[in-house]
Amino acid sequence: MSEIKDSLGLENVGNIYRNLDIDTLRKHAVENEGAKISSTGALMIDTGIFTGRSPRDKFFVNQDPSNKYIAWGDINFKVSKEVYEDLEVTSKNN
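Here's a quick rundown of the structure. None of the values given here were measured: they were computed from a predicted structure. (Residues numbered from 1 in each chain as written. Predicted model: local features only at pLDDT ≥ 70, side-chain atom pairs only at ≥ 80, totals over all residues. Heavy atoms only, no water.)

Focus on a nonpolar patch on the surface
Working step 1: Residues L8, L10 and V13 make up a contiguous nonpolar surface patch of about 240 Å² in total accessible area.
Working step 2: Topologically, L10 is positioned in the loop between α1 (2–8) and α2 (22–32). (Patch = residues over 30% accessible without salt bridge, like charges linked within 9 Å, V, L, I, M, F, W, Y side chains within 5 Å. Areas by Shrake-Rupley, 256 points an atom, 1.4 Å probe, with all protein chains shown as cover. Salt bridge = Lys/Arg side-chain N within 4 Å of Asp/Glu carboxyl O. Helix = DSSP H or I, 4+ residues; strand = E, 2+ residues; numbered from the N terminus.)

This is the structure:
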């Protein structure tokens, strides 16, 4: 796994778990990350005050037909297809 760490520029990182099957991932989350299994079988974890995303970082391509159903404003921002494609290429190359 050191090649993954090196390719991502990670330092001082513990074990890396990659491509775990669902059962192993759930077991790991419960045993090591404080997750719980609900009565319906859903995996639950309390992330505290952190939601895992920045609330002002929701961007959607402004195109039919979905643009009619998005509540545009301070939370959901419009981007062009060209901007999306540029971001997609950048993220895949980094």
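Let's talk about the environment of I45
Working step 1: Tracing the backbone shows I45 in the loop between β2 (43–44) and β3 (58–61).
Working step 2: Since its relative accessible area comes to 48%, I45 is described here as partly exposed.
Working step 3: C-alpha of I45 to C-alpha of Q63: the two residues are 18 residues apart in sequence and 35 Å apart in space. (Buried < 20%, exposed > 50% of the residue type's maximum accessible area, 1.4 Å probe, protein only.)

Comments concerning the packing of aromatic side chains
Working step 1: One pass over the structure, following the stated rule, counts two aromatic pairs.
Working step 2: Consider the rings of F60 and W72, whose centres lie 6.5 Å apart with planes at 75 degrees: the pair is edge-to-face. With F60 in strand β3 and W72 in the loop between β3 and β4 (76–79), this pair connects stretches of sequence that are twelve residues apart.
Working step 3: Relative accessible area serves as the criterion here: at 30%, F60 is assigned to the partly exposed category. (Phe/Tyr/Trp six-rings, centres within 6.5 Å; stacked < 30°, edge-to-face > 60°.)

Observations concerning the side chain of H28
Working step 1: As for its placement among the helices and strands, H28 is situated in helix α2.
Working step 2: Judged by relative accessible area, which is 19%, H28 ranks as buried.
Working step 3: Setting aside its immediate chain neighbours within four residues, H28 contacts Y17 and E33. (Contact = heavy atoms within 4.5 Å.)

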